Amino acid sequence: MVSPRDVTALLGEWSRGNRAALNQLLPLVYAELHRVAARQLRNERADHTLQPTALVHEVYIRLVDQRQVDWQNRAHFFGVAAQVMRRILVDHARRHGASKRGEGVRCVSIDEAKDVPASNEMPILALDHALDRLETVDAELAKIVELRAFGGLTIEEAAHVLSVSPSTAKRDWRTAKAWLNRELGSEVQP
């Protein structure tokens, strides 16, 4: 098991410009990023073309480009990774939705149309839109959802990133889930 202290030390070195620290960091965080990506993709449509490994590699590429981040600790790193993962998944879902519009469309009569199944809304886009709405109501609630749902952080890790007590984070998580359940009209699983 890798110590959060080891990750924090390497993040600090990377922040100070030590590129070798980044090479040492990746193996320490890769498995956890992959686990989070796999869990996130399990909630996606069955024909999703993005695989967990590709998602982790894309997150890594975008994180490497972060020049001005003063990495505080492991939880901070995974919080930023959660934001990046959310953006990647939302962008991918939007591209997929745009490519499907009009592609392979079959003309049907009005009588036949009643038998054509309606397409399911992409959950990632629905969650993203709901999070955007939640952010206008309460940015801290939206942030805890992002950290937990996209970053895979525990309540304690999310509390640390948000600089709140674990009991406040638990209360905010319950409130955010209730709000999202009402907005999305379904059970929120993250």
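Residues numbered from 1 in each chain as written. Predicted model: local features only at pLDDT ≥ 70, side-chain atom pairs only at ≥ 80, totals over all residues. Heavy atoms only, no water.

## Focus: helix H7 (residues 139-150)
Next, step 1: Taking 1.5 Å as the rise per residue, H7 with 12 residues should run 16 Å; its terminal C-alpha atoms sit 16 Å apart, in good agreement.
Next, step 2: Burial analysis of H7 places 10 of its 12 residues in the buried class, the great majority of the element.
Next, step 3: Listing the buried residues of H7 in full gives Leu 141, Ala 142, Lys 143, Ile 144, Val 145, Glu 146, Leu 147, Arg 148, Ala 149 and Phe 150.
Next, step 4: For H7, the capping residue at the N-terminal end is Asp 138, with a side-chain oxygen 3.0 Å from the backbone nitrogen of Glu 140.
Next, step 5: A positive phi of about 70° marks Gly 152, the residue just after H7. (Helix = DSSP H or I, 4+ residues; strand = E, 2+ residues; numbered from the N terminus. Expected span 1.5 Å × (residues − 1). Buried < 20%, exposed > 50% of the residue type's maximum accessible area, 1.4 Å probe, protein only. Polar contact = N/O pair within 3.5 Å; in protein donor to acceptor, adjacent residues only side chain to side chain.)

## Section: the nonpolar core
Next, step 1: Counting 55 residues, the largest nonpolar core has Trp 14, Leu 55, Leu 63, Phe 77 and Val 145 as the members making the most contacts within it.
Next, step 2: If you list the elements that add at least two residues to this core, you get helix H1 (4-15), helix H2 (19-42), helix H3 (52-64), helix H4 (74-100), helix H6 (123-137), H7, helix H8 (155-162) and helix H9 (166-184).
Next, step 3: When residues of this core are assigned to their parent elements, the largest contribution, 12 residues, is made by H4.
Next, step 4: Apart from the residues lying within four places of it in its own chain, the contact partners of Leu 55 are Ala 37, Leu 41, Leu 50, Met 85, Ile 88 and Leu 89. (Core = buried A, V, L, I, M, F, W, Y, C linked by side-chain atoms within 4.5 Å. Contact = heavy atoms within 4.5 Å.)

## Comments concerning the packing of H2 against H3
Next, step 1: Relative to each other, H2 and H3 sit at 140°, their axes nearing to 8 Å. Taken together, H2 and H3 sit at an angle that is classed as oblique. H2 and H3 meet at a crossing whose hand is right-handed. Contact residues: H2 offers Arg 19, Leu 22, Leu 26, Tyr 30, Leu 33, His 34, Ala 37, Ala 38 and Leu 41, while H3 offers Pro 52, Thr 53, Leu 55, Val 56, His 57, Tyr 60 and Val 64.
Next, step 2: Grouping the amino acids of the contact of H2 with H3 by side-chain chemistry returns 12 nonpolar, 3 polar and 1 charged. (Axes fitted to C-alpha atoms, helices over the stretch in contact; angles between N-to-C directions. Parallel < 35°, antiparallel > 145°, perpendicular 65-115°, else oblique. Left-handed = near helix turned anticlockwise from the far one by under 90°. Nonpolar A, V, L, I, M, F, W, Y, C, P; charged D, E, K, R; others polar.)

## Focus on H2
Next, step 1: For H2, which comprises 24 residues, the first-to-last C-alpha distance of 33 Å matches the rise-based estimate of 34 Å (1.5 Å per residue) to within 8%.
Next, step 2: When the local axis directions of H2 are compared, the greatest deviation, roughly 45°, occurs at Val 29.
Next, step 3: Three or more residues of H2 are buried, namely Ala 21, Leu 22, Leu 25, Val 29, Leu 33, Val 36, Ala 37, Gln 40 and Leu 41.
Next, step 4: Its side-chain oxygen at 2.9 Å from the backbone nitrogen of Ala 20, Asn 18 defines the N-terminal cap of H2. (Bend = angle between axes of the 7 residues up to and from the residue.)

## Some points on the environment of Asp 172
Next, step 1: Inspection of the secondary structure puts Asp 172 in helix H9.
Next, step 2: Its relative accessible area of 18% is what places Asp 172 among the buried residues.
Next, step 3: Beyond its immediate chain neighbours, meaning those up to four positions away, Asp 172 contacts Leu 141 and Ile 144.

## Examining the packing of aromatic side chains
Next, step 1: Counting across every chain of the model gives 3 aromatic pairs.
Next, step 2: Residues Trp 71 and Phe 77 carry aromatic rings whose centres are separated by 5.4 Å and whose planes lie at 55° to one another, so their mutual orientation is tilted.
Next, step 3: Residue Trp 71 is classed as buried on the basis of its relative accessible area, which comes to 5%.
Next, step 4: Note on Phe 77: relative accessible area 3%, which makes it buried.
Next, step 5: Of the aromatic side chains, those joined through ring pairs into one cluster are Trp 14, Trp 71, Phe 77 and Phe 78. (Phe/Tyr/Trp six-rings, centres within 6.5 Å; stacked < 30°, edge-to-face > 60°.)

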